[in-house]
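Chain by chain, the residues:
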Amino acid sequence: MAKWGMVIDLDKCTGCQACTTACAMENNRLPGENWQDVLFYHEGKYPNVNMKWFPRPCMHCENPSCVSACPTKATYKDPDGGYVLIDWNKCIGCKACMVACPYGVRFYTDEKPLVQPDVRSVFPGKGGRTWDPPYRAPQDDPTRGVGIQPHGVVSKCTFCYHKTSTAPKGVADLDEDDPKTKEHTPACVRVCPPKARYFGDLDNPASKVNKLIADKRGVRLLDHTGNKPQVYYLSGGAGPAVPSSRETNKA
Amino acid sequence: MSAATLPRAGSAGFAIGVVGFLVTGAWVIWQLMTQGHAAYNTTSNGLMWGLPIVTYDFLLMSSCGAALTAALGIVFGVKDFEPLARRATWIALALLVGGVLALFLELGNPIRSLYAIPLNFQVKAPLFWKVLAVGVYALCLLLMAANWIAKRDAGKPGGVATIGAIAALAVVFTGALMFATLSMRPFWHSGEVPVMILVEALLGGMAFTLLAAQLAGGTDAQAAGHAARWVAPLAFLTLLFVAGRAIVGLASNLDGLQVWNKVVGSVWFWIEIAFLVVALWLTATAANRASGGMQTLAMILVIVALAIGKYEFVIAGQLVPLFKGSWVHGLIRYAPSATEWVLAAMSAFLAYAVYAFGASRFRLGG
Amino acid sequence: MGITDSIFKSRLTRRRFLQATAATGTAAAAGGGLQTLAPAEVKAQPAAGQTKITKSICHQCPARCGIDVYTTDGRVHAIWGSTEHPISNGKLCPKGPLGTYILYDPDRFKGPMKRTNPKKGRDEDPKFVPISWDEALNTVAARLNALREKNESHRFALLFGRGWGASCAGLLGTFGALYGSPNVPINHSSMCSDGSVLAKQCTDGNASYSAYDYRNANMLLMFGANFLESFRPYNNNMQVWGYIRGEKTPKTRVTAVDVHMNTLLAASDRALLVKPGTDGALALAIAHVILTEGLWEKSFVGDFKDGVNRFRTGQTVDPKDFNEKWVKGLVEWWNIELKDRTPAWAAGVTTLYERDIVATAREFGTTRPAIALFERGAHTHSNGIFNGMAIHTLNALVGSLYAKGGLMYQMGPAYGPLPVKEDDYKDEYAKSGPWKQFPRVDLKGHPDGYLLAKNMSQEIPKNHLSGKPYKLDTVMFYLTNPVFSAPNAPQWEEMLKEVFVIETSPFPSETAWMADLVLPDHTYLERLQDAPTYPFQGWPLAQLRVPAIKPLYDTKYFGDTLIEIGKRIKGPMGEYYKALGNNENVIRALAKGFESAPGDNGVKDFESWKEKGVWYRKPYLWRQVNGEFFEWDGKGYNKPMKPEEVKEKLLKTESGKFEIRSSYLEHKADWIAAKTGRDKNKLMFPIWEEPKYTGGGDLHFVTPKTALHAEGRGANIPTVIALFQPTVGGRGAKRALCEIHPSVANAKGIRDGDKIRIKSELGQIEAYAAVTELTRPDTLVLPFEYGHWAHGRWAKGAGSHVNTVVVNQSDRVTGMANYYTAKVTVEKA
């Protein structure tokens, strides 16, 4: 059983948002339903303005606060792969998971559209699903939150479960440059032009993701919340974020 | 109490409640049918729980508080509340119904929640335990309603009341845990939050009960005036909680607590404080407690203040966006949509209709 | 917001209500609500059928990334970069995956249309009615034949923009030559980036964009070109970035110059925020430092005969003391201009700190190989030619021309010839008809117009409306939409009201709104179409679009439309097109050329080209090493080149050298001096000239492209609109926002999100303000892509139409439209 993790190299990331759009198209997301998003921040005053950004998928945490918040086990941790997934047949749309997520990765489907006219009325859904775009992708797995969701549920990044879960067993990394794993690589990783994203098995000592985290001092974000994400960030240099002492001072 | 006057007032109230519920309900249903939940102003930007959840939470907590108010009389033997226990229990049921309505029109899949929550047994989730507790609590209220309130001359309910009281406490506690366990939201993440919510629940339930008793007139009003001496310390505790949290929040540099600047800068915060202070004054002295008019006013002030407080608590805890970057720079801007307001009114009308039904059909006094 | 406003944030208007009553059937679309009172478990859809993968080329910028298009059960549902394509390498920029929206755009034309409303204007619905292709083509042919009969064929113009290759734009010249119009075609390049093309032509004789060997460069200096948001090939640039900044040893150093903070400047080692239009001053100061500190590449440039550096600030140098190797005019340039262009001086002009100019110059001068690149930001100003020449000269000073890790030019593909020769089908009219007396309507190449420009499309409406040189009768548009994208766009509206307009876009563009006839093209995923590479890495490359599915609607590929029109022209021209046949014949003929020059990936004919999607042959054939030029001999750059060969193939100037003193300009000095007032002794050198800003306002107004800008095809994509401007935007921002510095905003009482009015002498537009430190205090930045007033239900109103306020001024030498040189005023609306 793999424990999938992602590594994002902020030295290479150009903030282009290709990961966001590739995910949006692969997973048939509504405009603005950014399961994968790139967050921009800036500080300082002209001319010394400092602009930063980082891509933000779901962290698929090891101790997910969303799983502990969900009253129906609709949100659950799948030990086979380490995914945090949503079963749309159990979700009651209470949004406790959205409130409990420190990383803001979740989306509720029945909200005002960000862009008018609403694509849901331009491409109305069939079979209880929220919409049916003409470019709808073939994959569909509502018990894992894959495909176009029905009404009244929460959705989020699935680490492209429909691709990654069918990867050859025991493979250490899912790399888009390897023909054997190209079609199993998550959309955001596959499309990334500067190759700033990596996806591999955190439980496999031979995986590239583990090597990158070790060599380049990969950090987890918001470590003080104790969620322990499976997405690590590389920033070159000293790795400035401070890891939570819960992780570094284990008894 | 005049046996002649009561049923008339109750019937008129019931009519008002039903008509109000139907009119507001029709509008809300219409909005939901044409726009779905886009009729609400909640967004995935970070304001997920809006006025509907505030309405639900306020009514549910007040319901538990009313049940606990009754329990003070019939479980713990506090004499002041014995004559108010029937009314308090029925009010608890009415508020519960109103609250659950708001919740059901807010949930994405409300019918599913009825079986998905109990059957999937997610013991890690505070909401699982809360729903379990609500189930027991509702059952106890219904049993008390059927076997005690509906029967004019039935004696005190006994075991059911005790279980109901424990369930009410459990609802409040687990409901508060949903907020308090979230380590990424320092506005909610604190051990005092369940205590504060319990105090506010009790105060709210008590205020609804005493208000209803005042309006019923006669001996019920006298009982209410007497029992109001319990409101003063509860109001005082509430003020301490509000002041303590506000001062700590303003002093703290933790990310998330900067929202206190906005809260304290809002006129509604100061209205809440003022209302609680006045209510405290009105209920602290025997002279004021003797005046029916003052007491009615005091209870209304308490209810409004607690409603404001609940809104602040639920909403302000979400106004600092988590991980949105420049997509949402600054605090999230939220104001309830018209549908959300009318939904709040709809819940209030339903609760009132249920109360008025009981007031006209059953003996709620003494 | 008042308390009542905040309490009753009601969105129930009467109109909404009526819409709601009409829309109850689509309540499910709007979202949930009561449907979920009776929850339905959703079952997984049945497994899909076979997935077919076809090759195509992304359409959304000039980069021409090869893509794999995935079609399952008749739905095109995924676009990925082709792993084997040398530009995309399996990757895509953010625009690439959104291509299926373009195919399935609900606002596309479903077939040819004819206007029935005789009035034209922004508020006049054309009231199109569908017609058959026969009627459409016959209408066009009838008009063209009539013009020809009246000896007025020059009054037919065909304007194109993003032409792709031989099977579309490549057919246009022949059409014009056979038909008899100098205006077929007119390319948009003067509204594109001719400023850099001319700057290169004036200095190294190549009228082209450069190809680059970034991966081997150790320092990159970028002026006004957003390498990480729009500079093409954008996708490949980012791949390069990941390598040079994340893998390569040593890590490549980057300094970027622009007018506001963007991802490129933020990700670089040094960001220089210059005053708009002053990039040339910075480049001159850098050159000054390179010379005074002796940092120039002596093997390429040459040196003082005794090796002693005599370049000192303010002091002239005797040209006889210096041996020039591959440059011409270095010392004259120093004497006449550069000796006084110090970093301190440049700091005053550009508002940069002197310390940063010196540091940049030293880094650029001491790091080899180094590349200085520039694009529109530097040259869309009245002094654009000089800015461009100054920057490009930096490459000569450090010896990067044709070097490893430097820049070069692009080789064309080994296409085969068409099966029919144009010259065999010219009648007397074509060879010597009265049309030959007329100049082009844009006065390109004309002393009254722009003598040296390649195109002057932005001049067309002005010329037409004044009747000088003449009025047009019929105008056809292919992949260009100047009535939206040209400076002083409203002037195009005036012109189009007077002429018969034929639009070929699949989309209801602004041009379509003003059109009399619409002959809609396929969208790119439905086309068979070639595209040789845009300048990339020098070695030739040509890719192919293969249809992923049958056309969704009754559309026709533009190449076929042109051929069909051609067939209906009377005389031998019709015979030419009948012989040519159709688009597929054209592509097959091109591919025949590969038989004798098979691609590195085995592509040698039409079928293999369709299968692999791309033909290419490495390497680039020439290289400069330590001041000597070599040609590829099959194994290495071993064959030394004689100076005549260098002049013929590489430094294509009169002297066969890099001309800092440009003979190309010098030959036209009289004309240039007469039209610009420039000093005849200086106008052939890269000099500093104050830019002439337009518009009459006090704030610079810059209207750039963003990463999601897809040359107009992105306008109607809702995902694009949801994502625009992540740096200063907001989720649910009403429109693309205008960056405005807090000092300006505070002075005018403008708060973040407020509506503002932007005015120039031409007119005014409204926008919404993003108050931010990310821009210069004297500059407003508003991306232009989103300001459509047509183009589909999502495109309308997503931004502000900047070209309503941008004055149409052009660089008199390059012809480049001066987009970014406008100055406006701003106030709270």
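Refer to the preceding data block for the structure.
Residues numbered from 1 in each chain as written. Chains lettered and ligands numbered in written order. Predicted model: local features only at pLDDT ≥ 70, side-chain atom pairs only at ≥ 80, totals over all residues. Heavy atoms only, no water.

*Asks:* Explain the overall build of chain C here, please?
*Replies:* Within chain C, the regular secondary structure consists of 30 helices and 32 strands. In terms of overall size, chain C behaves like a compact globule, its C-alpha atoms giving a radius of gyration of 27 Å where 829 residues would be expected to give roughly 28 Å. When its C-alpha atoms are laid out on the principal axes, chain C stretches across 90 × 75 × 60 Å. The buried share of chain C, reckoned over its 829 residues, is 66%. Relative to all contacts within chain C whose residues are 6 or more apart in sequence, the contacts with residues 24 or more apart total 70%. (Helix = DSSP H or I, 4+ residues; strand = E, 2+ residues; numbered from the N terminus. Rg over C-alpha atoms; globule rule 2.2 N^0.38 Å. Buried < 20%, exposed > 50% of the residue type's maximum accessible area, 1.4 Å probe, protein only. Contact = heavy atoms within 4.5 Å.)

*Asks:* What's the story with the packing of helix α11 (residues 267-284) of chain B against helix α13 (residues 292-316) of chain B in this structure? I'm lost.
*Replies:* What describes two packed helices is the angle between their axes and the distance between those same axes. All names here are of chain B. Close contact between α11 and α13 brings their axes to 8 Å; oriented N to C, the two are set at 150 degrees. The handedness of the crossing between α11 and α13 comes out as left-handed. Where α11 approaches α13, its residues W268, F269, I271, E272, F275, L276, V278, A279, L282 and T283 are matched on the opposing element by M294, Q295, L297, A298, M299, L301, V302, V304, A305, I308, G309 and E312. When its residues are assigned to classes, the contact of α11 with α13 shows 17 nonpolar, three polar and two charged. (Axes fitted to C-alpha atoms, helices over the stretch in contact; angles between N-to-C directions. Left-handed = near helix turned anticlockwise from the far one by under 90°. Nonpolar A, V, L, I, M, F, W, Y, C, P; charged D, E, K, R; others polar.)

*Asks:* Please explain the sheet that holds strand β10 (residues 253-258) of chain C as it appears in this structure.
*Replies:* Backbone hydrogen bonds hold the strands of a sheet together, and the pairing may be parallel or antiparallel. Residues and elements named next belong to chain C. What the four strands build is an open sheet, ordered β11-β10-β9-β15; its pairing is parallel. Each edge of the open sheet is held by one strand with a lone partner, namely β11 (270-273) and β15 (370-374). Along the sheet, successive strands turn relative to each other by an average axial angle of 10 degrees, direction set aside. Inspection of the sheet shows strand β9 (residues 219-223) paired to β10 by five bridges, in the parallel sense. Paired with F223 across the bridge in β10 is V257. Set on the sheet, helix α14 (residues 354-366) makes contact with β9, β10, β11 and β15; between it and β11 the angle comes to about 130 degrees. Contacting β9 and β15, helix α16 (residues 384-397) runs over the sheet at an angle of about 165 degrees to β15. (Pairing = 2+ DSSP bridges.)

*Asks:* Is there a simple way to explain a nonpolar patch on the surface in this structure?
*Replies:* Together, I111, L114, Y115 and L119 of chain B make up a nonpolar patch on the protein surface, roughly 400 Å² of accessible area in all. Inspection of the secondary structure assignment puts L114 of chain B in helix α4 (residues 110-120). (Patch = residues over 30% accessible without salt bridge, like charges linked within 9 Å, V, L, I, M, F, W, Y side chains within 5 Å. Areas by Shrake-Rupley, 256 points an atom, 1.4 Å probe, with all protein chains shown as cover. Salt bridge = Lys/Arg side-chain N within 4 Å of Asp/Glu carboxyl O.)

*Asks:* So what exactly am I meant to see when it comes to the interface of chain C and chain A here?
*Replies:* It is common to give the size of an interface as the accessible area that goes away when the parts come together. Tallying the contact residues gives 71 residues for chain C and 68 residues for chain A. Both sides of the chain C and chain A interface together cover about 5,900 Å² of buried area, and 62% of this is carbon and sulfur. The shortest N-O distance in the salt bridge between K251 of chain C and D11 of chain A comes to 3.9 Å. The tally of links from chain C across to chain A stands at 18 residue pairs in polar contact (both at pLDDT 80 or more). Only α3 (27-31), β2 (66-72), β3 (75-81), α4 (99-103), α8 (234-246), α9 (263-267) and α29 (718-723) of chain C provide two or more residues apiece to the side of chain C that touches chain A. At eight residues, the largest contribution of residues to the side of chain C that touches chain A is made by α8 of chain C. Class assignment of the residues belonging to the side of chain C that touches chain A gives a composition of 36 nonpolar, 22 polar and 13 charged. (Buried area = accessible area lost by both parts, 1.4 Å probe. Polar contact = N/O pair within 3.5 Å; in protein donor to acceptor, adjacent residues only side chain to side chain.)

*Asks:* Any chance you could explain the pattern of salt bridges here in plain terms?
*Replies:* Pairing between side chains of opposite charge can happen when the charged atoms of each approach one another. One pass over the full model with this rule turns up 85 salt bridges over all chains. Across the pair D175 of chain A and K195 of chain A runs a salt bridge whose closest N-O atoms are separated by 2.8 Å. Taken together, the residues span a long stretch of sequence, with D175 of chain A in the loop between α5 (161-164) and α6 (187-191) and K195 of chain A in the loop between α6 and β8 (197-201) at a distance of 20 residues. Taking the relative accessible area as the measure of exposure, K195 of chain A reaches 18% and is therefore buried. For D321 of chain C, the salt bridge identified is with R310 of chain C, shortest N-O distance 3.6 Å. Placement of the pair is D321 of chain C in the loop between β12 (302-304) and β13 (322-324) and R310 of chain C in the loop between β12 and β13, with a sequence separation of eleven residues. Residue classification places D321 of chain C among the partly exposed positions, given a relative accessible area of 27%. Taken together, the shared-partner salt bridges in this structure form one network comprising D175, E176, D177 and K195 of chain A together with K91 of chain C.

*Asks:* Looking at this model, I keep getting lost on unusual backbone geometry. Mind explaining?
*Replies:* A negative phi angle is the norm for most residues apart from glycine, just as the trans form is the norm for most peptide bonds. Residue and element names in this part refer to chain C. Cis rather than trans, the peptide bond between V184 and P185 has omega equal to 0 degrees. Along the polypeptide, P185 turns up in the loop between α6 (172-179) and β7 (186-187). Cis rather than trans, the peptide bond between T249 and P250 has omega equal to -10 degrees. Considering the arrangement of structural elements, one finds P250 in the loop between α8 and β10. We note that T351 has phi near 70 degrees; this positive angle belongs to a residue other than glycine. Its location among the elements puts T351 in the loop between α13 (343-350) and α14. Although it is not a glycine, Y402 sits at a positive phi angle of roughly 65 degrees. Its location among the elements puts Y402 in the loop between α16 and β16 (407-408).

*Asks:* Before we go on, may I ask you to explain helix α7 (residues 208-215) of chain A in this structure?
*Replies:* Three or four residues apart is the spacing at which side chains of an α-helix point the same way, because the helix has 3.6 residues per turn. All names here are of chain A. Among all positions in α7, only V209, L212 and I213 are buried. One face of α7 carries all of its buried residues, which in axial projection span an arc of 100 degrees. On its buried face, α7 sits against β1 (4-9), β8 and β9 (231-234). (Arc of directions from axis to C-beta.)

*Asks:* Teacher, can you tell me more about the pairing of strand β27 (residues 699-702) of chain C here?
*Replies:* A regular strand places its side chains so that they alternate between the two faces of the sheet. Residue and element names in this part refer to chain C. Alternating residues of β27 divide into L699 and F701 and H700 and V702, and every residue in both groups is buried. Where β27 and strand β31 (residues 779-781) come together, three bridges link them in parallel fashion. What sits directly across from V702, in β31, is V781.

*Asks:* Just to check I follow, could you spell out helix α2 (residues 51-74) of chain B for this structure?
*Replies:* Along its 24 residues, α2 of chain B runs 34 Å from first to last C-alpha, staying within 8% of the 34 Å computed at 1.5 Å per residue. Of all the 24 residues making up α2 of chain B, 24 are buried; the element is thus mostly covered by neighbouring parts of the structure. (Expected span 1.5 Å × (residues − 1).)

*Asks:* Looking at this model, I keep getting lost on the sheet that holds β2 of chain C. Mind explaining?
*Replies:* All names here are of chain C. What the three strands build is an open sheet, ordered β1-β2-β3; its pairing is antiparallel. Edge strands, defined here as strands with exactly one partner in the open sheet, are β1 (51-57) and β3. If you compare each strand with its neighbour and ignore which way they point, the axes differ by 30 degrees on average. Relative to β2, β1 runs antiparallel, the two sharing seven bridges. Of the residues in β2, the one forming a bridge with I53 is Y70.

*Asks:* Help me out: how do you make sense of the side chain of R185 of chain B in this one?
*Replies:* Relative to the elements of secondary structure, R185 of chain B occurs in the loop between α6 (159-180) and α7 (192-216). Put simply, R185 of chain B is tucked away with no salt bridge, and the nearest opposite charge, on D255 of chain B, sits 10 Å away. Looking at R185 of chain B, its side chain comes within polar contact range of the main-chain oxygen of V99 of chain A, at 2.8 Å. (Lys, Arg positive; Asp, Glu negative; His and termini not counted.)

*Asks:* I tried to follow empty space enclosed by the protein on my own but got confused; where do I start?
*Replies:* In this approach a probe as big as a water molecule rolls over the atoms, and the regions it shows empty are the leftover space. Applying the stated criterion across every chain, the model contains 17 cavities of 30 Å³ or more. Estimated volume of the largest cavity: approximately 740 Å³. Within the lining of the largest cavity, the residues separate by chemical class into 24 nonpolar, 17 polar and nine charged. Approximately 580 Å³ is the volume attributed to the second largest cavity. By residue class, the composition of the lining of the second largest cavity is twelve nonpolar, 16 polar and nine charged. (1 Å grid on protein atoms, 1.4 Å probe; cavity = no way out; pocket = protein on both sides within 12 Å on 5 of 7 lines; lining within 4 Å. Points joined across faces, edges and corners; volume = space filled by probe spheres on them.)

*Asks:* What's the story with the interface of chain A and chain B in this structure? I'm lost.
*Replies:* Between chain A and chain B, the contact holds 46 residues from the first and 39 residues from the second. Between chain A and chain B, roughly 3,400 Å² of surface is buried when both sides are summed, and carbon and sulfur atoms account for 57% of that area. Applying the counting rule to chain A against chain B returns one salt bridge. Notably, a salt bridge pairs E106 of chain B with K95 of chain A, separated by 3.6 Å at the nearest N-O pair. In this structure, the connection of chain A to chain B is made through 26 residue pairs in polar contact (both at pLDDT 80 or more). Broken down by secondary-structure element, the contributors of at least two residues to the side of chain A that touches chain B are β2 (37-43), β3 (50-56), α2 (65-69), α3 (96-100) and β6 (107-108) of chain A. A per-element tally of the side of chain A that touches chain B places β2 of chain A first, with five residues. Split into classes, the residues belonging to the side of chain A that touches chain B amount to 26 nonpolar, eleven polar and nine charged.

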